[in-house]
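A look at the structure
Listed here are the chains, written in short residue letters.
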Amino acid sequence: MSERRPYRRPMNPTWWASPPYRAYTLCELSGVAVAIYGAVLLQA
Amino acid sequence: MMINGKPRLACNTFLRHLPPGAVTIEPLDNFPIERDLVVTVGDFVKKIESIYPYIIPKEPRTIEDGPYLQTPAQLAAYESFSDCINCMLCYAACPQFGENPDFIGPGAMALLKRYNGDSRDGGQQKRLDAIHGENGVWSCTAVGICSEVCPKHVDPANAVNQNKTNSAFDFFLRFLRPGGAR
């Protein structure tokens, strides 16, 4: 095995917006709606 | 390797299955690159080794004891997870592994489930200790892409979820054992 410092390609910072991950991102974003609803319930 | 940006088996991907035009071929994502399309897999192998990927007998056996026998139901409990060919496509697709290379990853989790689900095995506790930690099963955020790219339909995401259940169960069970939680 080489003694060189391993090179790891940086991840795409917008991986969450690429097509295979969109369903996951939408699922996670639903947490925002739940948080807003929770805040509304706390104020009521 | 990455073919048109997706992790695929190069030996199993034909040009006729790809859209017309230029085909982009890259080394597997999320792994250190050794050279050109070759990635370093030493870290992956260490992760596989860390979960004891072999049957640890419940009690010592000799050849005279004969073969282990299993019922079809006992086989079905782990058979799908034993199809893993360690192609690492699930690691290349997993954004959690990309963000945290110390994460044990879906492939090792599926293999862990394969051996922990085996009725002949007695090393469940040893393996569970490997997944309780910070970089263990709880680092997974259930993206589920590992199961989508798996060429053998092993469903590592399902294995991870079952391991999460077993990990949580084991955590609470420790309080009931003699000596309690250590």
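Heads up: these notes are all about the structure in this document. (Residues numbered from 1 in each chain as written. Chains lettered and ligands numbered in written order. Predicted model: local features only at pLDDT ≥ 70, side-chain atom pairs only at ≥ 80, totals over all residues. Heavy atoms only, no water.)

**Digging into the pairing of strand β4 (residues 32-35) of chain B**
Relative to β4(B), strand β1 (residues 7-8) of chain A runs antiparallel, the two being bridged by 2 bridges. Its bridge partner lying in β4(B), A:Y7 is registered against B:I33. Here β4(B) pairs with strand β5 (residues 38-39) of chain B via 2 bridges, running antiparallel. Looking at the pairing, B:I33 lines up with B:V39 of β5(B). Between β4(B) and β5(B), which pair antiparallel one after the other, the connecting turn spans 2 residues, and B:D36 there sits at a positive phi close to 50°. (Pairing = 2+ DSSP bridges. Helix = DSSP H or I, 4+ residues; strand = E, 2+ residues; numbered from the N terminus.)

**Description of the interface of chain B and chain A**
As a measure of interface size, the accessible area lost when the parts come together is often cited. Of the residues lining the interface, 22 residues belong to chain B; the matching set on chain A comes to 12 residues. Summing the contributions of chain B and of chain A, the shared interface buries around 1500 Å²; its carbon and sulfur component is 53%. Considering only the side of chain B, the residues that lose the most area to chain A are B:P32, B:I33 and B:E34, jointly responsible for 30% of the buried surface there. Scanning the region where chain B abuts chain A turns up 2 salt bridges. Notably, a salt bridge pairs A:R9 with B:E26, separated by 3.3 Å at the nearest N-O pair. Considering only residue class, the side of chain B that touches chain A consists of 12 nonpolar, 5 polar and 5 charged. (Contact = heavy atoms within 4.5 Å. Buried area = accessible area lost by both parts, 1.4 Å probe. Salt bridge = Lys/Arg side-chain N within 4 Å of Asp/Glu carboxyl O. Nonpolar A, V, L, I, M, F, W, Y, C, P; charged D, E, K, R; others polar.)

**Brief notes about the packing of helix α5 (residues 106-116) of chain B against helix α6 (residues 124-131) of chain B**
All names here are of chain B. It is at 10 Å that the axes of α5 and α6 come closest, and there the two elements cross at 160°. Relative to α6, the element α5 is oriented roughly antiparallel. By crossing handedness, the relation of α5 to α6 is classed as left-handed. For the pair α5 and α6, the contacting residues are M109, L112, Y115 and N116 in the first and Q124, R127, L128 and I131 in the second. (Axes fitted to C-alpha atoms, helices over the stretch in contact; angles between N-to-C directions. Parallel < 35°, antiparallel > 145°, perpendicular 65-115°, else oblique. Left-handed = near helix turned anticlockwise from the far one by under 90°.)

**Re the pattern of salt bridges**
Counting across every chain of the model gives 6 salt bridges over all chains. B:D29 is the partner of A:R9 in a salt bridge, and the nearest nitrogen-oxygen pair spans 2.7 Å. Residue A:R9 is found in the loop between β1 and α1 (22-43), and its partner B:D29 is found in the loop between β3 (25-26) and β4; the two belong to separate chains. Exposure remark for A:R9: the relative accessible area of 22% places this residue in the partly exposed category. Relative accessible area serves as the criterion here: at 25%, B:D29 is assigned to the partly exposed category. The shortest N-O distance in the salt bridge between B:D118 and B:R114 comes to 3.0 Å. Of the two residues, B:D118 and B:R114, both sit in the buried class. Through salt bridges that share partners, A:R9, B:E26 and B:D29 make up one connected network. (Buried < 20%, exposed > 50% of the residue type's maximum accessible area, 1.4 Å probe, protein only.)

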